[in-house]
Every structure is written in structure tokens, then in C-alpha cells.
Amino acid sequence: MNKELLEKLSECVEFGKINQASPYPPQMKGQPGADEITREALESGIDPSEILNDALVFAMNKVGQKYSENKIFVPQMLLSAKAMSASMAHLKPFFASGAVKRKGTFIIGTVFGDLHDIGKNLVAMMVEGAGWEVIDLGIDVKAEQFVDALKAHPDAVIGVSALLTTTMVNIKPVIEAIKAYSPSTKIIVGGAPLSSDFAAAIGADGYSKNPQEGIELLDKISA
Amino acid sequence: MKQFIDSVLKSKIRKAMPVMTHPGIEALGYTVKQAVSDGRIQYEAIKYIADNFDTIACMSMMDLTVEAEAFGAKINFPEHEIPTVSERLLADAAAISELKVPTLDAGRIPQYLLANRLAAENIRNKPVFSGCIGPFSLAGRLYDMSEIMVAIYIEPDAMEQLLSKCTEFMINYCLALKATGTQGVIIAEPAAGLLSGDDCMTCSTQFVKRIVDAVQDDTFTVILHNCGNTGQCTHAMIESGARALHFGNAIDMQQVLTDCPADILVFGNLDPVTVFKQGTPESIQSDTKVLMEKAGKYSNFVFSSGCDLPPFTPEINIRAFLNAVNQYQ
């Protein structure tokens, strides 16, 4: 029973079935989604850690792989992330109580001067789906906002995004401010105009060109 | 315009048209904010490009916010970067239902029409292309780009309504651009490149095709630009009916040229950031040579950047690119 529920939940997340009301995907129309199945799983006594790791992280890893291989695209990925979030909402009390441990904390934001967020949102959702707590600072985030968030989450890894060539240069002062406050904090960067060479030149600890690479980088950094 | 396309197709010499207006703005000492706000300044920048660079054509700016602003979206105007939509205009299906299709006197539309008219009247040595956003990308700017990606599946009827309103406006706008005397329009549909091929067909192509059917003829060509396409959208782009297609640097041009009919002009695709802005004259020459070896044998190929050249791209790099196109024939 437990295994069956976790498999159903995993399937909902992989194929983006958010809740029963959602018409997507058409082949699951009218069926319970991640929202209802998570509630049922908790009521039937399944350990929240099992729900997180055996269903959500497992499914989101498949989603990330399929995206990397161009088998799915941004809408499908976002629908999976929405389904994951619907499930995750039920797990929040267990995160707060410490009953469920996550891999770590990831603070993410689009650098100051830049209002673009779709890439940052994708990374945030996928990283959360990989088992991390994500603190999303939004867009146009100044260096001091990253530092303030780090004060509240001292062990966090930080991710900084930029879409424009004129704003990617703003990442360097952000990195300098964070490193001045906490030299050991790891910072990864990403965004359309960035490259690994640029990341190295501005003092970032890593660069990822897509969400899946970002997750692998985080796992490596936190190992 | 048909004559222009036919001459490119018949020529044994490959030509170049990087997507650029920033070099003109910078050379004349203006800011981007001035150029996107004042049609005369924008025209001067276009004219500078036409007069000073050996390109096959020139183009007006594509800031991709002027249309969203006409609908009522709030816009942020940095001094030296293209504007951006600063907040979501439409929160739900009810807001879409109430949305009015704007008239052509809204926002900065008159300034863009002025820039295009002055360019068409005064640039006689090469064709002038207008620029505008595509319907799906416009809808994304109004509804929020992340939200529209989900809404096309969750609220398909509302998205159909939004896309139809965007398309109605874009048809009116493109007809007005055509009336200024330019020889075509580059429709930038970058957000469609985030979709699967099927979704691109449903959410972008069928709407772009309505614009193409309304404006394209022997005097006026549509160039459809989709810089997010990695190959999955190429068929959908061809199906739009646009007589020319423009590709970003995420795609293999050799594959594109194999996939596209020989009577469609194909533009692409050196990386505007790593090649043009961050490269050197030597590296850009080398990158151009590689592209020539891949794509130069196709008579429908035109050398270009994969997207708009960013602000402060070194002019020496642009000239190295144009020289290399001539050198490696």
C-alpha cells in the first residue's frame, strides 16, 4: 500500500499532476493529484522522509534528466515543480519540527539591476525538488540582502542569477560582499550570458548552465 | 522585397546582418533609454549602422517592451540596457477577459513608428527591417513568463483569448510598420523557444501565421526570430509561412539549413555574448570561419548574430566579423 501510494505520488510529480482539479495531464484528468495523494500518504502513516526522498526527489530527478535530454521542455518542468510544491506544502510542518531533514539550504536570487526570473525560478524549484530548503530572494537582489539571508541561514549555499550582459557584472560585488562576511560560503552562478570562465573570473565557486547541473554542483559542494 | 530575397538566393557571395542597434546609439553618444523613448534618436542610430557597417540590411530596435507597454504594462527603463517589464499586468482569466486591445497611439508606439518612417525615408542603400515582439512572448510579458508556461495547460481557453488579443494588436502594429515604408519586420519570439515543437505550433506558430498572412507580400517580408529553439521548434517556425527565419546560437546551423526549404532565407547564429562581446577580433574571425565551413555552401544562408548584440559590444569585433564574412568566401 505504502509503495503503491509513493509510486502514484512520484508519477503525479513526474507528469505534473498538481491536484484533482487540474486538467493536466489529460490522461490523468479527474484523478487525485500530488496534493491529495500526499495527504492520503501522511494519513496512512507513511514517514514524511520517505515521501520526500522516495517520491518527490526521485521524481524530480527524472524530470531534470528528461529536461537535460530535451525530452521535456519548460512548461512540463514547471508543472512538475508545481505538483512537487503542492506535495511539499503538506511536509512543511515536518521540516519545521526537524522530523524531516533536508540536504541543506540554498539561497537564490537574481542580481540587482536585473528583473528576469524564469531561469532563477526553474533552478529554485528543481533544487527544492532535489531535497534542499530554498530561500528565494526574488529579483533585483542587492548584496546586503544576500548577506542578511546568510546571517539567518549561516550554512547555506548561495546562487546568483543574471540574464543580461549589463547585469552579470553586478554579480562580482555580490560575491565580494558575501565572501567578506563569510569567506567559506560557497556561491554558484548561472544565467544565459554567463560561462564557466566568467564565473571563475569573478570568484564564484561554481557555474551551472541548467538546473540539473546546478543540482549536481550543489551535491558536489555539500558532499 | 522579393527582389532582395531572390538576389540573396542567387548570389554566390554570402552576406551578413548582425542584429544590432546599440553600436549606433553608443557611437552617437546617446543612451539606450533615449533611443527607446525618442523616435528621432533611434532613427539616427539606425542610420549610423546603415552608413558605417557593410551589412546586407539594417533594422530598428527590438526592445520587446514597447508592445507590452501599449497594453498597460509597467516598464523599467535603465539608462544603458533595454527596458524590462517590471510587474505582471494580468493576474487571472478575468483580467484577460477585460483586457482591451490598445490603439496605435498608446505608449511609445508612435515613437517607434516615427523611427521606422524616418529610416525608411532616408536609408536608401539597403533594406530597413522593422522589429517587434511575437505574440507568445508578448502574452508572456503581460501574464508573467513562468505563469504562462503553466497556464497553457491549466487554463488553455484563457490563454487562447490572450494570444488572440496579442495577435490582433500585433497585426495592427505590423500593418502600421509596413505603412512606414520598411521592407519587412523581424518578429522576435524568444519565449516560444522554451516550448516543445507541438506547443510552439499551438501557442506561437498559429498566431504568428495570422500576422504573416496579414502583412507579408512581395514588398514586405516577415523574418521570424526564435533564439531559444534548440531544434525542436524548427518545423513550427517553417510552418509560420515567414519567408525568412532567424536562429539563435543554441542550434546547429548545418542541421537548420538541412531542415529548412532552400527558398527560405536562414539567418544565424554566432553567440552575441561570448563571440561578439567577450571575444577578440582574432577569436571572432576564427568562429566566423567555422560557421562559414558549416553553412557557407547554402545559398539561402545569411551570417548573423544569434540575437541582439548587447550594449557595449566592441565595434572592432563587429568589423572583424564583417571582414571575416568577406574574407572566407
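Residues numbered from 1 in each chain as written. Chains lettered and ligands numbered in written order. Predicted model: local features only at pLDDT ≥ 70, side-chain atom pairs only at ≥ 80, totals over all residues. Heavy atoms only, no water.

Of the regular secondary structure elements, chain B holds 16 helices and nine strands. The C-alpha atoms of chain B give 19 Å as radius of gyration, which agrees with the globular expectation for 329 residues (20 Å, within 12%). Principal-axis analysis of the C-alpha atoms gives chain B an extent of 55 × 40 × 35 Å. Within chain B, buried positions represent 60% of all 329 residues. (Helix = DSSP H or I, 4+ residues; strand = E, 2+ residues; numbered from the N terminus. Rg over C-alpha atoms; globule rule 2.2 N^0.38 Å. Buried < 20%, exposed > 50% of the residue type's maximum accessible area, 1.4 Å probe, protein only.)

Let us look at the sheet that holds strand β6 (residues 221-226) of chain B. Residues and elements named next belong to chain B. With respect to topology, seven strands assemble into an open sheet ordered β1-β4-β5-β6-β7-β8-β9, the strand pairing being parallel. A single partner strand is all that each edge strand has here, and the edge strands are β1 (58-59) and β9 (301-305). Pairing geometry for β1 and strand β4 (residues 128-133), over two bridges, is parallel. Its bridge partner lying in β4, Met59 is registered against Phe129. (Pairing = 2+ DSSP bridges.)

Further remarks concern the environment of Asp198 of chain B. Topologically, Asp198 of chain B is positioned in helix α11 (residues 197-215). In the structure, Asp198 of chain B is positioned 53 residues away from Ile251 of chain B in sequence and 18 Å away in space, judged by C-alpha atoms.

What follows concerns the environment of Val100 of chain A. Residue and element names in this part refer to chain A. Locating Val100 in the fold gives a position in the loop between α4 (74-97) and β1 (105-110). The spacing of Val100 and Lys71 is 29 residues in sequence and 32 Å in space, taken between C-alpha atoms. If near-sequence neighbours (up to four positions away) are discounted, Val100 is found in contact with Pro48, Ser49, Leu52, Phe94 and Phe95. (Contact = heavy atoms within 4.5 Å.)

Residues and elements named next belong to chain A. Assigned domains within chain A: domain 1 (2-97) and domain 2 (105-222). Relative to domain 2, the C-alpha centre of domain 1 lies at a distance of 26 Å. Each side of the interface is counted separately: domain 1 has 17 residues, and domain 2 has twelve residues. Where domain 1 abuts domain 2, roughly 1,100 Å² becomes buried across the two surfaces, and 73% of that area is made up of carbon and sulfur atoms. (Domains from an automatic or database assignment. Buried area = accessible area lost by both parts, 1.4 Å probe.)

Residues and elements named next belong to chain B. Summed over the entire model, instances satisfying the criterion amount to eight aromatic pairs over all chains. Judged by centre distance (5.3 Å) and plane angle (70 degrees), the rings of Phe71 and Phe169 are edge-to-face. Of this pair, Phe71 sits in helix α5 (residues 66-71) while Phe169 sits in helix α10 (residues 156-179), placing them 98 residues apart in sequence. Residue Phe71 is classed as buried on the basis of its relative accessible area, which comes to 8%. The exposure class assigned to Phe169 is buried, which follows from its relative accessible area of 0%. (Phe/Tyr/Trp six-rings, centres within 6.5 Å; stacked < 30°, edge-to-face > 60°.)

So, on to the pairing of β4 of chain B. All names here are of chain B. In terms of burial, β4 is a largely internal element, six of the six residues being buried. As paired strands, β4 and strand β5 (residues 184-188) are joined by five bridges and run parallel to one another. Following the sheet pairing, Phe129 is matched in β5 by Gly184.

Grouped together as the largest cluster of nonpolar side chains are 163 residues, with contacts concentrated most on Phe136, Leu142, Leu162 and Tyr173 of chain B. With twelve residues, α10 of chain B is the largest single contributor of residues to this core. Three or more residues apiece are contributed to this core by two domains, here domain 1 (2-97) and domain 2 (105-222) of chain A. In this structure, Leu162 of chain B is in contact with Leu90, Ile96, Leu99, Ala139, Leu142, Tyr143 and Ile148 of chain B, ignoring residues within four places of it in sequence. In this structure, Ile107, Leu150, Ala162 and Phe198 of chain A belong to the second largest nonpolar core, which totals 25 residues. (Core = buried A, V, L, I, M, F, W, Y, C linked by side-chain atoms within 4.5 Å.)

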